Amino acid sequence: MTATGTAAPPTLSAARRIAGVGLATASGVAVAVQSRINGELGVRLADGIAAAVVSFGLGLLVLLVLVPGTPGGRRGLAALRAALREGSLRPWQCLGGVCGAFLVATQGLTIGTLGVAVFTVAVVAGQSGSSLLVDRAGIGPTGRQPVTPNRLVGAVLTVLAVLLAVSDRLGDPRALALALLPLAAGVGIAWQQAVNGRVRGASGSALAATLVNFAVGTVALLATFAVEVAVRGRPGGVLPSEPWLYLGGPIGIVFIALAAAIVRFTGVLLLGLATIAGQIVGAVLLDVALPTAASHPGPATLLGAVLTLVAVLVAALGPPLKLTVSRAAPPPSP
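Residues numbered from 1 in each chain as written. Predicted model: local features only at pLDDT ≥ 70, side-chain atom pairs only at ≥ 80, totals over all residues. Heavy atoms only, no water.

Engineer: Break down the overall build of the protein for me, citing the residues and quoting the values.
Structural biologist: Looking only at helices and strands, the protein has 10 helices and zero strands in total. Scanning the protein from its N terminus toward the C terminus, one meets helices and strands in the order α-α-α-α-α-α-α-α-α-α. Every one of the 334 residues in the protein was classed for burial, and the buried ones make up 51%. Intrachain contacts of the protein at a sequence separation of at least 6 include 86% that bridge at least 24 residues. When the accessible surface of the protein is summed, it comes to about 14,200 Å², and 72% of that surface belongs to carbon and sulfur atoms. (Helix = DSSP H or I, 4+ residues; strand = E, 2+ residues; numbered from the N terminus. Buried < 20%, exposed > 50% of the residue type's maximum accessible area, 1.4 Å probe, protein only. Contact = heavy atoms within 4.5 Å. Areas by Shrake-Rupley, 256 points an atom, 1.4 Å probe, with all protein chains shown as cover.)

Engineer: Mind laying out helix α2 (residues 48-66), listing which residues take part and the relevant values?
Structural biologist: Its 19 residues place the ends of α2 27 Å apart at the C-alpha level, agreeing with the 27 Å of an ideal helix rising 1.5 Å per residue. If you check which residues of α2 are buried, you get G48, I49, A50, A51, A52, V53, S55, F56, G57, G59, L60 and L63. Looking at the packing, one finds that the buried side of α2 touches α1 (14-45), α4 (96-137), α8 (206-232) and α9 (248-289). At the N-terminal boundary of α2, the capping side chain belongs to D47, with an oxygen 2.8 Å from the backbone nitrogen of I49. (Expected span 1.5 Å × (residues − 1). Polar contact = N/O pair within 3.5 Å; in protein donor to acceptor, adjacent residues only side chain to side chain.)

Engineer: Can you explain a nonpolar patch on the surface? Please cite residues and give values.
Structural biologist: Nonpolar side chains collect at one region of the surface, where V147, L152, V156, L160 and L163 lie side by side and expose about 400 Å² of accessible area between them. By secondary structure assignment, the location of L160 is in helix α5 (residues 149-165). (Patch = residues over 30% accessible without salt bridge, like charges linked within 9 Å, V, L, I, M, F, W, Y side chains within 5 Å. Salt bridge = Lys/Arg side-chain N within 4 Å of Asp/Glu carboxyl O.)

Engineer: Please give an account of the pattern of salt bridges that cites residues and values.
Structural biologist: What the rule picks out here adds up to three salt bridges. E242 is the partner of R44 in a salt bridge, and the nearest nitrogen-oxygen pair spans 3.0 Å. Of this pair, R44 sits in helix α1 while E242 sits in the loop between α8 and α9, and the two are 198 residues apart along the sequence. Judged by its relative accessible area of 30%, R44 falls in the partly exposed class. Residue E242 is classed as partly exposed on the basis of its relative accessible area of 24%. Each of E40, R44 and E242 takes part in a single network of salt bridges with overlapping partners.

Engineer: Help me get a handle on the side chain of S203, residues and values and all.
Structural biologist: Note on placement: S203 falls in helix α7 (residues 180-203). What S203 contacts, discounting residues up to four positions off in sequence, is R75, G76, A79, L80, A208 and A209.

Engineer: I'd love a proper account of unusual backbone geometry, names of residues and values included.
Structural biologist: Unusually for a residue other than glycine, A46 sits at a positive phi of about 60 degrees. Among the secondary structure elements, A46 is positioned in the loop between α1 and α2. Using a relative accessible area of 51% as the deciding quantity, one classes A46 as exposed.

Engineer: Tell me what's going on with the nonpolar core, and back it up with residues and numbers.
Structural biologist: By size, the foremost hydrophobic cluster in this structure holds 30 residues, and its most contacted members are V268, L271, I280 and V312. Residue assignment for this core shows that the elements contributing at least two residues are α1, α4, α5, α7, α9 and α10 (299-316). In terms of residue count, the dominant contributor to this core is α9 (14 residues). If you look at the next biggest cluster of nonpolar residues, it comprises 19 residues, including F56, L77, A101 and F214. (Core = buried A, V, L, I, M, F, W, Y, C linked by side-chain atoms within 4.5 Å.)

Engineer: How would you summarise the packing of α1 against α9 if you had to cite specific residues and measurements?
Structural biologist: To describe two helices that pack against each other, one gives the angle between their axes and the distance between the axes. Put simply, α1 and α9 touch, their axes get as near as 3 Å, and they point 45 degrees apart. Between α1 and α9, the crossing angle belongs to the class labelled oblique. A per-class count over the contact of α1 with α9 returns 19 nonpolar, 13 polar and four charged. (Axes fitted to C-alpha atoms, helices over the stretch in contact; angles between N-to-C directions. Parallel < 35°, antiparallel > 145°, perpendicular 65-115°, else oblique. Nonpolar A, V, L, I, M, F, W, Y, C, P; charged D, E, K, R; others polar.)

Engineer: Residues and numbers for the environment of W244, please.
Structural biologist: Considering the arrangement of structural elements, one finds W244 in the loop between α8 and α9. A sequence separation of 207 residues divides W244 from I37, and the C-alpha atoms of the two residues are 7.6 Å apart. Those residues in contact with W244 that lie beyond four places of it in its chain are I37 and E40.

Engineer: So what's going on with α1? Which residues, and what values?
Structural biologist: Its 32 residues give α1 an end-to-end C-alpha distance of 45 Å, which sits within 8% of 46 Å, the value for a rise of 1.5 Å per residue. A46 sits one or two residues past α1 and shows a positive phi near 60 degrees.

Engineer: Report on the packing of α2 against α9, specifying residues and quantitative values.
Structural biologist: Running from amino to carboxyl end, α2 crosses α9 at an angle of 65 degrees, the nearest separation of the two axes being 7 Å. For the element pair α2 and α9, the recorded crossing hand is right-handed. Seen from α2, the contacting residues are S55, G59, V62 and L63; seen from α9, they are G248, G249 and I253. Classifying every residue of the contact of α2 with α9 by side-chain character gives three nonpolar, four polar and no charged. (Left-handed = near helix turned anticlockwise from the far one by under 90°.)

Engineer: Please set out the side chain of Q34 residue by residue, giving values where relevant.
Structural biologist: Relative to the helices and strands, Q34 resides in helix α1. The class of Q34 is buried, set by a relative accessible area of 6%. Separated by 3.0 Å, the side chain of Q34 and the backbone oxygen of G248 make a polar contact.

Engineer: Explain the packing of aromatic side chains residue by residue, including any values.
Structural biologist: Between two aromatic rings, the relevant description is the distance of the centres plus the angle of the planes. Here the structure, examined in full by the defined rule, presents two aromatic pairs. Aromatic pair W92 and W191: ring centres 6.4 Å apart, planes at 25 degrees, arrangement stacked. In this pair, W92 is assigned in the loop between α3 (71-86) and α4 and W191 in helix α7, connecting sequence segments 99 residues apart. (Phe/Tyr/Trp six-rings, centres within 6.5 Å; stacked < 30°, edge-to-face > 60°.)

Dropping the structure here:
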């Protein structure tokens, strides 16, 4: 009936959207913690790419044990192979890990200089606009989503909020130039969340989708690191002894799995905004509780965090998402 247009597409309940927003916000806090960890690891290793390889590589090792070792994971991998063979999932939709690898690399390359809050504003600026475009193009598992006033206002408020949160750092030209890297990473995050949602839909397993993400990302990072070593030589740092500096990969597993699971309830934009809210809150808490030389939290930062939460609420209270099916990549038959 959907193909003939004789029936209205189903919509997602407000309860599921709210639950999805809550989980996405919590995962955003985890991303802020991951950013601090990988940033410190990059400083210790004196190489952000090496830190990203360690983070992604450890996450991949965990998943290589976890996914094949569980019945759901094995079923997910089998369904994923079938979807690729049948063409219901395109190979390019499995490349979201490249964007995730780039984000983790920018954490190690820039946070030691920028601080978590400035890093976050750059990611947010790219992610908010990109999420609107990704939803409008129908790349995610919810299909095409209109740019409603609530969603547009929520995205604009989010960018304004994070600009306010880090306004005391915007006069530093060096910081602004370095912030172009996380800005580009933010643009890629929306696309990553959308295609990972497609992989999750095809496989029926968030863990299987996460394994694909980490496998692709690790390969991309290893290739980049090999080129870097060939050009510049091996990094001068040493592996630190503190165990907490190796938790970036496991935290990334939680974030990617949650995003792949809940994007079909929220859409890419709302997922991104809720994640951003969590990132901002987490970044503020980290910069206040565990300040570094690059962190300068103040009243503007706190006001920006509050405004970010308001922006997410505005977007969440908009009309419910309408589920559509993409002709290019229909979901597998049950």
